[in-house]
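A structural walkthrough
One letter stands for each residue in the lines below.
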Amino acid sequence: MKNRIWMAGLLMVGTASVAWTGEANAQEKSATAEMVEGEQPWMNAALPSEKRVALLLSQMTLEEKRTLMMGYFGTDFPPRGSKAPEEARQGSAGYVPGVPRLGIPPQWQTDAAIGVATQGLAPKKRERTALPSNLAIAASWDEKLAFQGGQMIGAEARASGFNVMLAGGVNLEREPRNGRNFEYGGEDPLLAGTIVGSAIAGIQSNHIISTAKHYAMNDQETDRNAVSVIIDHDAARMSDLLAFKIAIEIGSPGSIMCAYNKVDGDYACESPWLLDEVLREDWKWPGYVMSDWGGTHSTGPALRAGLDQQSGYPFDASAFYGADLKAAIESGSVAPELVDRAASRILFAMFEHGLFDHPITEAAMTLSDDLLDHGAEVTRAAASDSIVLLQNSNNLLPLTDARRIVVIGGHADKGVLAGGGSSLVYPVGGNAVPEAEPRMWPGPKMFYPSSPLEALRRRLPNAEISFVDGTDRAAASEAARTADVAIIFATQWAAESIDVSLTLPNDQDELIEDVSSSNPRTIVVLETNGVVLTPWREKTAAIIAAWFPGTEGGEAIADVLTGAVNPSGHLPVTFVDSLAQLPHVNPPAATEVKYIEGAMVGYKWYESHKEKPAFAFGHGLSYASFDYGKLTAQTAGSSVTARFHIKNTSKRAGKDVAQIYVSGPGIEAPKRLAGFEKVELEPGESSSVAVLLDPRTFATFNRAQGGWNITGGTYQVHLARASDDVVESVSIEMPTMPLTPRF
């Protein structure tokens with residue numbers, strides 16, 4: 001990791017920005033002297049990024065600096081009478097002009113969460129690979145898999161002509177009805193930050209920039225442009241902001257995208273607390289902050305707070321960082337050094353992540369077969385490892401001896417469901433159900449052409465497998481009655497700009513009740529945004545959570561159902577038993593939502609209030625069986641290492657996720673996730689595992705007391721299969737101490 005001291009001091013608000021301005025003449029003279037060694041010395045890749053920024057910035061005009069700060073929508077947008085810049089990649093999310101005379105490349109930005117997205121208004125769609133949803137990747141509990149997925153979609157982005165990918169959704173799931181939860185990493189900050197940070201690192205391994213978003217507390221789509229989140233700042237640092245911090249530590253994103261919502265009454269994109277105090281003063285983060293599309297609301301206040309780049313104009317009310325910024329500088333209401341500060345942050349990220357040294361040279365509309373084949377392999381493996389086996393009564397799964405199987409509902413004869421909105425990836429072959437509504441924003445409602453029905457038929461050639469669409473419950477029940485096994489595909493579409501009910505739509509609960517009454521050997525496959533209510537679970541034999549499983553989702557589901565792949569996913573969220581268990585039972589108010597739960601997000605809230613969920617955070621079954629034991633914990637200052645033994649006691653190879661939780665003085669909840677490890681074992685194989693626990697999971701944050709501090713006393717370290725399934729616990733003594741770093 002390169003030394004960040006220069007950028008940490010230089011890019012802070014206040015005295016640091018004044019220091020930058022005061023040294024400008026000296027830097028310019030130094031840069032001029034070095035110009036004799038080369039026409040553009042900042043193009044020397046051997047120099048540190050900080051030095052390259054200083055050399056280049058001194059050669060830029062004020063107008064050129066402003067150019068880097070103003071981004072445009074990359075697609076024609078008739079509702080606003082807007083035409084995309086000619087240099088943009090048509091159908092893309094954004095474009096920021098470069099400065100050709102100085103060798104500064106443009107930023108070509110693609111929307112993303114699971115792959116290279118195309119905007120719905122584009123006349124021609126890029127057909128690309130879609131990973132399973134971010135929430136599904138979090139369900140894998142596998143940072144290596146997350147990195148590989150990011151690496152794959154980053155490679156497709158680069159081949160498509162993009163050097164900025166708007167991926168990296170890390171918002172915690174506080175509101176399970178949020179229609180955008182599929183883009184995020186679940187309810188725990190350690191898990192979400194680790195998985196999303198790993199994906200960001202994978203994307204950026206292609207010499208492109210990835211973002212972390214949506215910063216911060218962007219946890220609902222209802223009134224997302226107006227609602228103000230009220231939360232105790234210290235509690236935020238132990239929950240939502242901790243997830244971002246971990247993602248930044250692991251992924252080192254070049255950019256952070258600030259959110260639509262307000263926090264404490266300030267828009268997130270002009271919040272001094274979020275952008276100045278947390279990002280710059282405390283975290284010393286050196287990259288640049290871009291706004292979400294339509295998330296900029298001012299010029300001077302936003303720039304002073306720390307917003308470096310306005311994105312996606314004309315979604316904002318005005319060109320705040322375009323003509324408005326020029327006028328503000330000319331009037332003296334905005335100091336030129338603020339422009340220097342913003343431009344230097346943007347240039348730093350571009351140097352640091354290879355945009356200068358590995359320039360984009362092609363922008364293919366159609367990718368090579370080799371690249372798409374690799375994408376299919378990666379996304380199928382990711383989907384298989386992300387599927388969670390929630391229930392398996394009498395070991396009905398995997399399917400081995402069924403001869404008559406009926407598949408019901410969910411368009412399983414044609415494909416698998418995807419989430420909607422700006423992150424939508426268009427697949428090779430197009431929409432498998434083009435008549436599905438809605439067809440316009442936030443749609444189209446997309447089904448990827450990977451049919452679970454056809455995949456099952458290929459894997460079970462000796463079985464008679466029929467399909468019933470499920471619209472006639474009586475017909476579905478009759479088909480189930482005469483079958484050995486019934487498989488219901490239950491779907492819940494969700495998308496950006498809408499929130500959803502936790503009740504399955506279109507009377508699917510009633511369908512499941514009727515079918516399972518006719519045939520107790522009923523399997524339910526959930527293709528959903530995330531959490532749904534399961535009032536029928538005691539009547540069904542097996543349930544799997546397949547999430548939105550991506551462009552190879554049908555193959556992955558069939559792999560798991562037939563045992564070609566042993567399921568190894570574990571829940572990154574809690575499946576509640578009823579709405580009454582939520583901290584916010586009723587939908588949030590339009591203008592303000594108070595996070596009364598503070599840092600007690602998800603399983604921490606439910607355990608604190610003794611609520612028994614339908615399926616707990618961390619839960620996930622396997623076709624194999626594993627024994628855990630011999631837990632020990634060793635301390636060295638604030639460092640704690642948990643060691644334990646795990647053995648595969650079955651005749652089937654498999655993977656399991658060993659989870660370590662901690663509890664003790666000062667911790668706001670009964671326990672916190674402190675570490676985890678996904679372990680793969682052959683039949684009869686055993687392994688000794690060591691997990692280094694994050695010291696912050698033993699600590700509390702109090703900014704008035706200097707940051708993170710451990711309260712001295714006795715702590716419990718728990719080895720668990722899930723948050724509600726502790727196998728073994730040991731006690732350790734921790735002294736009172738501050739953590740380093742403090743923030």
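First things first, this report covers the structure right here in the doc. Given the structure is predicted, the values throughout are model-derived calculations rather than measurements.

Attention now goes to helix α18 (residues 508-518). Turning to α18, its buried residues number three or more, namely Gln-508, Asp-509, Leu-511, Ile-512, Val-515 and Ser-516. Buried residues of α18, seen end-on, are gathered within an arc of 155° and therefore sit on one face of the element. Turning to α18, the residues buried within the fold contact β13 (404-408), α17 (473-481), β17 (485-492) and β18 (522-528).

Take the sheet that holds strand β21 (residues 626-636) next. Strand pairing in a sheet takes place through backbone hydrogen bonds and is either antiparallel or parallel in direction. Spatially, the 3 strands line up as an open sheet ordered β21-β22-β25, and their pairing is antiparallel. Unpaired on one side and paired on the other, β21 and β25 (686-693) mark the two borders of the sheet. This sheet shows a mean twist of 20° between the axes of neighbouring strands, independent of strand direction. Sheet topology note: the strand β22 (residues 639-648)/β25 ladder contains 8 bridges and is antiparallel. Within the sheet, the bridge partner assigned to Ile-646 lies in β25 and is Ser-687.

Moving on to helix α19 (residues 553-562). For α19, the buried fraction is high: 10 of the 10 residues fall into the buried class. Those residues of α19 not exposed but buried are Gly-553, Gly-554, Glu-555, Ala-556, Ile-557, Ala-558, Asp-559, Val-560, Leu-561 and Thr-562. Residues of α19 that are buried make contact with α15 (369-386), β14 (416-417), α16 (452-459), β17, β18 and β19 (542-545). Of the residues flanking the end of α19, it is Gly-563, one or two places downstream, whose phi is positive at about 85°.

Counting across every chain of the model gives 16 aromatic pairs. Geometrically, the ring pair formed by Trp-141 and Phe-617 is tilted, given 5.4 Å between the ring centres and 50° between the ring planes. Residue Trp-141 is found in the loop between α6 (134-140) and α7 (143-159), and its partner Phe-617 is found in the loop between α20 (603-608) and β21; the two are separated by 476 residues along the sequence. Across this residue pair, the class does not change: Trp-141 and Phe-617 are buried.

Calculation rules
Residues numbered from 1 in each chain as written. Predicted model: local features only at pLDDT ≥ 70, side-chain atom pairs only at ≥ 80, totals over all residues. Heavy atoms only, no water. Buried < 20%, exposed > 50% of the residue type's maximum accessible area, 1.4 Å probe, protein only. Helix = DSSP H or I, 4+ residues; strand = E, 2+ residues; numbered from the N terminus. Arc of directions from axis to C-beta. Contact = heavy atoms within 4.5 Å. Pairing = 2+ DSSP bridges. Axes fitted to C-alpha atoms, helices over the stretch in contact; angles between N-to-C directions. Phe/Tyr/Trp six-rings, centres within 6.5 Å; stacked < 30°, edge-to-face > 60°.

Shape is all these values report; function is a separate question.
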